[in-house]
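Overview (structure and organization)
If you want the building blocks of each chain, they are given just below.
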Amino acid sequence: MKIWLDGGLQDIRSARVSVLDHGLTVGDGIFETLRTTDGRPFALTRHLDRLTRSARGLGLPDPDLDEVRRACAAVLEANPMPLGRLRITYTGGHGPLGSDRGEQGTTLVVALGGTQRRPDTTAVITVPWTRNERGALTGLKTTSYAENVVALARARERGASEALFGNTAGRLCEGTGSNVFVVLDGEIHTPPLASGCLAGVTRALAVEWTGARETDLPMDVLDRADEVFLTSTLRDVQAVHRIDDRTLSGAPGPVTAKAMRIFEERAADDLDP
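Since this is a predicted model, take the numbers as computed values, not measurements.

**Quick notes on the sheet that holds strand E3 (residues 29-37)**
The strand order across the open sheet built from six strands is E2-E1-E6-E5-E3-E4, with neighbouring strands paired in antiparallel fashion. The open sheet is flanked by strand E2 (8-11) and strand E4 (40-41), the only strands paired with a single partner. In terms of strand pairing, strand E1 (residues 2-5) meets strand E6 (residues 107-114) through two bridges, oriented antiparallel. When the bridges of E6 are listed, Trp4 appears paired with Val110.

Structure below.
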């Protein structure tokens, strides 16, 4: 397996990042995950746009997107596989053992791993922890992911693949690595970005392609929604058949099934929408 590290391809067994890299010591970094099919990434331009937005939000220098594109192409060519998870990681680089940044420049890593097509439906849970819709990192895709690790571990313990958060105002927000949509009286709704959720690439495409509405939603909407589905890079559109102890029989429902079909068709027509 070959990865890209700071300017070129390296063997994954010998590639090294400093133990003093700020991405390791304090989580000072950002990342993007892309789905790849037969060596072709999906929605690369949108992901790179968000990578830049996240860098600016964290106060990192803008990534060299030409280099990132070269890195992605090189890694994909070196590691052929039918379905992949392409990960771009960009950190503050070598720094001191504290929150101050160093002056030796940033670190760029691009790596690829295999994955499998997700099931059409899944189970989710809700968790008691909240997203802070007013935090310094709100809306940024950073490597400070520990609270997602904790929440996802709880979901796994309960036979689910995702955990859903509310925000500090008690409104529905997002999953650990997904956006959430609900169907009410035949209409699709998803929390607005003001809720604190990540501006998901798949979320934006689903809103554009299905006509979903951004709506401020209470957490208890999950108790009464006719249908619920998740979106993310590796899920695309995935129906939810259980939320905590509530079963949504017949999932995917008709609205979700249509959204799944629309997304699959539109994504197949344009790999970089």
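**A word on the pairing of strand E10 (residues 179-184)**
Along E10, six of the six residues are buried, which leaves the element largely enclosed by surrounding structure. As defined by bridge partners, E10 adjoins strand E13 (residues 227-232) across five bridges and the pair is classed as antiparallel. Of the residues in E13, the one forming a bridge with Val180 is Leu230. Note: E10 against strand E11 (residues 187-190), three bridges, orientation antiparallel. Its bridge partner being in E11, Leu184 is matched across the sheet by Glu187.

**Let's talk about a negative patch on the surface**
Together, Glu264, Glu265, Asp269, Asp270 and Asp272 line one region of the surface with negative charge. Structurally, Asp272 can be placed in the segment after helix H6 (254-269).

**Structural notes on unusual backbone geometry**
Here the residue pair Ala251 and Pro252 is connected by a cis peptide bond, since its omega of 0 degrees sits within 30 degrees of zero. Tracing the chain through its elements places Pro252 in the loop between strand E15 (246-247) and H6. You will see that Asp185, though not glycine, has its phi angle at about 50 degrees, which is positive. Tracing the backbone shows Asp185 in the loop between E10 and E11.

**Some details on the environment of Phe181**
Assignment of secondary structure puts Phe181 in strand E10. Accessibility expressed as a relative area gives 0% for Phe181, which makes it buried. In sequence terms Phe181 and Glu227 are 46 residues apart; their C-alpha atoms lie 8.4 Å from each other. Leave out the neighbours within four places in its chain, and Phe181 touches Ile188, His189, Thr190, Arg203, Ala206, Val207, Ala212, Glu227, Val228, Phe229 and Thr231.

**Let's talk about the pattern of salt bridges**
Tallied over the entire structure, the rule returns 14 salt bridges. Asp216 serves as the salt-bridge partner of Arg171, at 3.3 Å between the closest nitrogen and oxygen. Taken together, the positions of Arg171 in the loop between strand E8 (162-167) and strand E9 (172-175) and Asp216 in the loop between strand E12 (213-214) and E13 put the pair 45 residues apart, joining distant regions of the chain. Arg171 sits in the partly exposed class, given a relative accessible area of 25%. A relative accessible area of 47% places Asp216 in the partly exposed class. Within this structure, Arg117, Arg118 and Asp120 form a network of salt bridges that share partners.

Calculation notes
- Residues numbered from 1 in each chain as written.
- Predicted model: local features only at pLDDT ≥ 70, side-chain atom pairs only at ≥ 80, totals over all residues.
- Heavy atoms only, no water.
- Pairing = 2+ DSSP bridges.
- Helix = DSSP H or I, 4+ residues; strand = E, 2+ residues; numbered from the N terminus.
- Buried < 20%, exposed > 50% of the residue type's maximum accessible area, 1.4 Å probe, protein only.
- Patch = residues over 30% accessible without salt bridge, like charges linked within 9 Å, V, L, I, M, F, W, Y side chains within 5 Å.
- Areas by Shrake-Rupley, 256 points an atom, 1.4 Å probe, with all protein chains shown as cover.
- Salt bridge = Lys/Arg side-chain N within 4 Å of Asp/Glu carboxyl O.
- Lys, Arg positive; Asp, Glu negative; His and termini not counted.
- Charge placed at Lys NZ, Arg CZ, Asp CG, Glu CD.
- Contact = heavy atoms within 4.5 Å.

Don't take any of this as a statement about function, it's just geometry.
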